[in-house]
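The chain contents come next:
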Amino acid sequence: MIRVTVWNEYLHEKCDAPVAEIYPNGMHNTIADFLRCDDIQVRTATLEEPECGLTQEVLAETDVLIWWGHGAHARVPDEIAQRVRDEVLKGMGFIALHSSHLCKPFKLLMGTSCNLGWREDGDRERIWTVNPAHPIAKGIGPYFELPHVETYAEPFGIPNPDEVVFIGWYEGGEVFRSGCTFQREKGRIFYFQPGHELFPIYHDKNVQTVIRNAVYWATPQVRAEKNECWHLTKLEK
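To keep things clear, this report deals only with the structure shown in the data block.

Criteria and cut-off values
Starting from 1, residues in each chain are numbered consecutively following that chain's sequence as written. Local features in this predicted model are restricted to residues of pLDDT 70 or higher, and side-chain atom pairs are both shown and tallied only at a pLDDT of 80 or more, whereas totals for entire chains, interfaces and linings draw on every residue. For the side-chain quantities, the full set of heavy atoms in the structure was used; hydrogens and water were omitted. Pairing of aromatic rings covers Phe, Tyr and Trp, the last counted by its six-membered ring, and requires centre-to-centre distances within 6.5 Å; plane angles under 30 degrees mean stacked, over 60 mean edge-to-face, and any other angle means tilted. Counting from the N terminus, the helices are DSSP H or I runs at least four residues long and the strands are E runs at least two residues long. The cut-offs for exposure are 20% and 50% of the maximum accessible area for each residue type, with area from a 1.4 Å probe on protein chains only; residues under the lower value are buried, those over the upper are exposed, and the others partly exposed. Strands were regarded as paired on the criterion that DSSP finds at least two bridges between them.

1. Concerning the packing of aromatic side chains
- Per the counting criterion, the structure on display carries 12 aromatic pairs.
- Where Phe176 meets Tyr191, the ring centres are 6.5 Å apart and the plane angle is 75°; that geometry is what we call edge-to-face. Note that Phe176 is positioned in strand E8 (residues 175-184) and Tyr191 in strand E9 (residues 187-192), a separation of 15 residues in sequence. For the pair formed by Phe176 and Tyr191, the shared burial category is buried.
- Aromatic rings pair up to connect Phe106, Tyr152, Phe156, Phe176, Phe182 and Tyr191 into one cluster.

See below:
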């Protein structure tokens, strides 16, 4: 059984009527609902819970953490972000969605600004599968389209990804590395760009397939109890 925690700020849905109409139970529950199956169990956590819902016990029982953040990155305490970073280094999978490129855990793991260009015009996006043999692309065709998205554009201030699985193209001509993988010590990381709150992107079957595939891919191969240097014993002659 793969244990997934879906984390969401859960602020837009409570404050913005158009977002609440699309995600009446919050984006975290929409994502949790399409992930639950015989071999994936899902819990959710949100910003305004104690310790942001991400206690050490919760993270210890999480194989893959999915993160959606936007307007409240600064409200996540540094110690919580560091706690997440440390668990990824020990092997927990981490999936950063949409504007989570600026969330504290992702920036700690990347070590860069993670800045990008953007505009919010509701343009169409065509997401090209540039690595069709990758497990995250399973069941996805050469491309799929989202009728309305927030445009993201290169340059994207991340380290060179281990693999680029998807590249997005927008009506204005912009391009963006929409699906990228990284390895940080024992943990696998996937960044996936679609997910603006004003559009029903997490109801899209292709987006759901990608996120589900990413959960399987990011599930720990190894999960260490500690992440520290170890003392060596010299070999006897």
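And the narrative resumes.
2. Description of the pairing of E8
- Buried residues dominate E8, accounting for 8 of its 10 residues.
- Sheet topology places strand E7 (residues 163-170) next to E8; 5 bridges connect them, and they run antiparallel. From the neighbouring strand, Phe166 faces E8, where its bridge partner is Gly179.
- Turn length for the E7-E8 hairpin, with the two strands adjacent in sequence and antiparallel, is 4 residues, and the turn residue Gly173 shows positive phi of about 100°.
- Judged from the 6 bridges that link them, E8 and E9 form a sheet pairing that is antiparallel. When the bridges of E9 are listed, Arg184 appears paired with Gly187.

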